[in-house]
Amino acid sequence: MEGSSADLLSSLLPLVALFAIFYFLIIRPQQKQAKAHKEMVAGLKKGDKIVTNGGLIVEVTKVEDTYFVVKNSDGTEMKLIKEFVAKLLED
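Per an unreviewed UniProt entry, the chain carries the name Sec translocon accessory complex subunit YajC and comes from Arcobacter cloacae. The annotation that UniProt attaches to the chain under Subcellular location (unreviewed entry) is "Cell membrane". Quoted verbatim from the Sequence similarities (unreviewed entry) field of the UniProt record, the comment on the chain reads "Belongs to the YajC family."

So, about the packing of aromatic side chains. Applying the stated criterion across every chain, the model contains one aromatic pair. Taken together, a centroid distance of 5.1 Å and an interplanar angle of 80° make the contact between Tyr23 and Phe24 edge-to-face. On the accessibility criterion, Tyr23 (29% relative accessible area) is partly exposed.

Applying the stated criterion across every chain, the model contains two salt bridges. With its nearest N and O atoms 3.2 Å apart, the salt bridge here joins Lys62 to Glu64. Overall, the relative accessible area of 45% leaves Lys62 in the partly exposed class. Accessibility expressed as a relative area gives 24% for Glu64, which makes it partly exposed.

Moving on: the sheet that holds strand S5 (residues 85–88). Strands sit in the order S4-S3-S2-S1-S5 across an open sheet of five strands; the sheet is antiparallel. Looking along the sheet, the strands with just one partner apiece sit at the ends: strand S4 (77–81) and S5. On average, adjacent strands in this sheet sit at an angle of 45° to one another, irrespective of strand direction. Relative to S4, strand S3 (residues 67–71) is paired through five bridges, and the arrangement is antiparallel. Paired with Phe68 across the bridge in S4 is Leu80.

Another point: the nonpolar core. Judged by nonpolar contacts, Met40, Val41, Leu44, Ile50, Val58, Val60, Phe68, Val70, Leu80 and Val85 together constitute the single largest core of ten residues. Sorting the residues of this core by element identifies helix H1 (2–42), strand S2 (57–63) and S3 as the ones contributing at least two each. Ignoring any residue separated from it by four or fewer positions in sequence, one finds Val60 in contact with Lys45, Lys46, Gly47, Asp48, Ile50, Phe68, Val69 and Val70.

Here we come to the side chain of Asp48. Here Asp48 is to be found in the loop between H1 and strand S1 (49–52). Asp48 sits in the buried class, given a relative accessible area of 13%. Among the polar contacts made by the side chain of Asp48, one reaches the main-chain amide nitrogen of Lys45 at a distance of 2.9 Å. Setting aside anything within four residues of it in sequence, one finds Asp48 in contact with Gly43, Val58, Glu59, Val60 and Leu88.

What counts as what
- Residues numbered from 1 in each chain as written.
- Predicted model: local features only at pLDDT ≥ 70, side-chain atom pairs only at ≥ 80, totals over all residues.
- Heavy atoms only, no water.
- UniProt positions renumbered as here; feature names shortened; annotations may be inferred.
- Phe/Tyr/Trp six-rings, centres within 6.5 Å; stacked < 30°, edge-to-face > 60°.
- Buried < 20%, exposed > 50% of the residue type's maximum accessible area, 1.4 Å probe, protein only.
- Salt bridge = Lys/Arg side-chain N within 4 Å of Asp/Glu carboxyl O.
- Pairing = 2+ DSSP bridges.
- Helix = DSSP H or I, 4+ residues; strand = E, 2+ residues; numbered from the N terminus.
- Axes fitted to C-alpha atoms, helices over the stretch in contact; angles between N-to-C directions.
- Core = buried A, V, L, I, M, F, W, Y, C linked by side-chain atoms within 4.5 Å.
- Contact = heavy atoms within 4.5 Å.
- Polar contact = N/O pair within 3.5 Å; in protein donor to acceptor, adjacent residues only side chain to side chain.

Structure, rendered in structure tokens:
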């Protein structure tokens, strides 16, 4: 009996090690990045310049619950869903 439990443990050990490596190299950094992006979007305010996922550089003119009203460089205003903000442009 003891030999079979040792065999089971030795066969599961590489799987556990592989999962730990996968977690620390892929899952954890991705969760940190998603959390930082969520905090950045929550902290946006009127006057901030942002880049959308489509590559547009726009300025936030109004903050709503689920979207922003943004202004393009030619003065055109449009609504942008919060999930489509790629990054904040620093001045």
